Amino acid sequence: MIEIKTKQEVEQMKPAGKFVGSILKSLRTMAKPGVNLLELDDFVKRQIESRKGATSCYVDYAPDFGTGPFRHYICLSVNDAVLHGVPFDYALKEGDLLSMDLAINVDGWVGDSAISLVVGDHADPEDLRLIKTTEEALKAGIAQARSGNRLGDISAAVGDVAHEQGYSVNVEFGGHGVGHVMHGDPLVPNDGAAHHGFKLRPGLVIAIEPWFMAGTDEIYQDPKDGWTLRSADGSRGAHSEHTIAITEGDPIILTARDE
């Protein structure tokens, strides 16, 4: 069922989005060579525990596309890991491509966002191009998130940016409705046909999340943890995401990071 929020409910969602955005902003600064993924996960844990009314969306999360409860506080995907990366004992290295996906419930409402970055000072230009493409695709999708447009307009805008840069698009996982739960209706694929699908209206809150891989659109689930999705050819992936609310005018980015 697709939830349509009242203006008051959209206001109530803002603290969760702001909290998620602020943590990701801190993590961007923290993610340096030598820092362990478990340190980043523990930082998120402590931030959640220190915030009244905040709970993790991941720790006990056990959907059918994962193997058992996730058991961590953030998804950290490194290099060829592209989605749902389980934090493990790994020290970041110079040049690693790190994607961080975070969802937190604050007072009954969820904020969900993701960023990607290259660790250290020596980035491969192709990694930067991949990250920028996800960011530009996110901007393009948000620009189409206006009352009266169709869901397909968002999907088509995201996919067009990817294709223009020579990337193929996987549509097995994509954006989704956000509200009292992390993943709700409607699904928001990262490619599609403009002028088709659900008609957008004020009060619809969705996560738009372009994720692309450098050399393929095929993925596999890492059997070591039953969660992490990796590119089939070993190429790197990047991921950008915001939770946005559709209004009578411009969309509101609930997870803005003031960057």
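Along each chain, the written sequence defines residue order, and numbers are assigned to residues from 1. Given that this is a predicted model, residues contribute local features only at a pLDDT of at least 70 and side-chain atom pairs are listed and counted only at 80 or more, while totals for whole chains, interfaces and linings are drawn from all residues. As a rule here, side-chain values cover all heavy atoms of the structure and leave hydrogens and water aside.

An unreviewed UniProt entry lists the protein chain under the name Methionine aminopeptidase, from Bombiscardovia nodaiensis. A UniProt comment under Function (unreviewed entry) is attached to the protein chain, and it reads "Removes the N-terminal methionine from nascent proteins. The N-terminal methionine is often cleaved when the second residue in the primary sequence is small and uncharged (Met-Ala-, Cys, Gly, Pro, Ser, Thr, or Val). Requires deformylation of the N(alpha)-formylated initiator methionine before it can be hydrolyzed." UniProt positions are given in the numbering used here, feature names are shortened, and annotations may be inferred rather than shown by experiment. Under the heading Subunit (unreviewed entry), UniProt records this for the protein chain: "Monomer."

Colleague: Got a sec to walk through the nonpolar core? Specific residues and values, please.
Modeller: Residues belong to a common nonpolar core when they are buried Ala, Val, Leu, Ile, Met, Phe, Trp, Tyr or Cys residues joined through side-chain atoms within 4.5 Å. Any residue under 20% of the maximum accessible area for its type is buried, any over 50% is exposed, and the rest in between are partly exposed; the area is computed with a 1.4 Å probe on protein chains only. By size, the foremost hydrophobic cluster in this structure holds 29 residues, and its most contacted members are L27, L92, L98, M100 and I104. Breaking this core down by element, the ones donating at least two residues are α1 (7-30), α2 (37-50), β2 (75-78), β4 (97-106) and β5 (109-118). Contacts between residues were defined by any pair of non-hydrogen atoms, one from each residue, lying within 4.5 Å. Aside from chain neighbours lying at most four places away, what touches L98 is A31, L37, L40, L76, S77, V78, L92, I115, S116, L117 and V119. One finds L97, V118, V169 and A238 within the second-largest nonpolar core, a separate group that totals 24 residues. Helix and strand definitions follow DSSP, with helices as H or I runs of at least four residues and strands as E runs of at least two, each counted in order from the N terminus.

Colleague: Which residues make up the UniProt feature "binding site: a divalent metal cation 2" (unreviewed entry) in the protein chain, and what values go with them?
Modeller: Mapped onto this numbering, the UniProt entry gives "binding site: a divalent metal cation 2" (unreviewed entry) at D112, H176, E209 and E241. The named residues occupy 130 residues along the chain; their greatest pairwise C-alpha distance, 10.8 Å, places them in one compact cluster. Inspection of the secondary structure puts D112 in strand β5. The residues touching D112, leaving out its near neighbours within four places in the chain, are Y58, D101, L102, A103, H176, M182, A207, E241, H242, T243 and T255. For this analysis, a polar contact is any N or O atom pair within 3.5 Å, provided that within protein one partner can donate a hydrogen and the other can accept it, and provided that sequence-adjacent residues contribute only side-chain to side-chain pairs. Among the polar contacts listed, one links the side chain of D112 to the side chain of H176, at a separation of 3.2 Å. Of note, E209 is situated in the loop between β8 (205-208) and β9 (211-213). Relative accessible area serves as the criterion here: at 6%, E209 is assigned to the buried category. Apart from residues no more than four positions distant in its own chain, E209 is found in contact with D101, G174, G175, H176, N190, H239, S240 and E241.

Colleague: Give me the lowdown on unusual backbone geometry, citing residues and values where you can.
Modeller: Of note, the amide linkage connecting D185 to P186 takes the cis form, showing an omega dihedral of 0°. With respect to the element layout, P186 can be found in strand β7 (residues 184-188). Phi at R71 takes a positive value of approximately 75°, unusual for a residue other than glycine. Looking at where R71 falls in the secondary structure, it is placed in the loop between β1 (54-56) and β2. Of note, the phi angle at H84 is positive, near 60°, even though the residue is not glycine. Tracing the backbone shows H84 in the loop between β3 (81-83) and β4.

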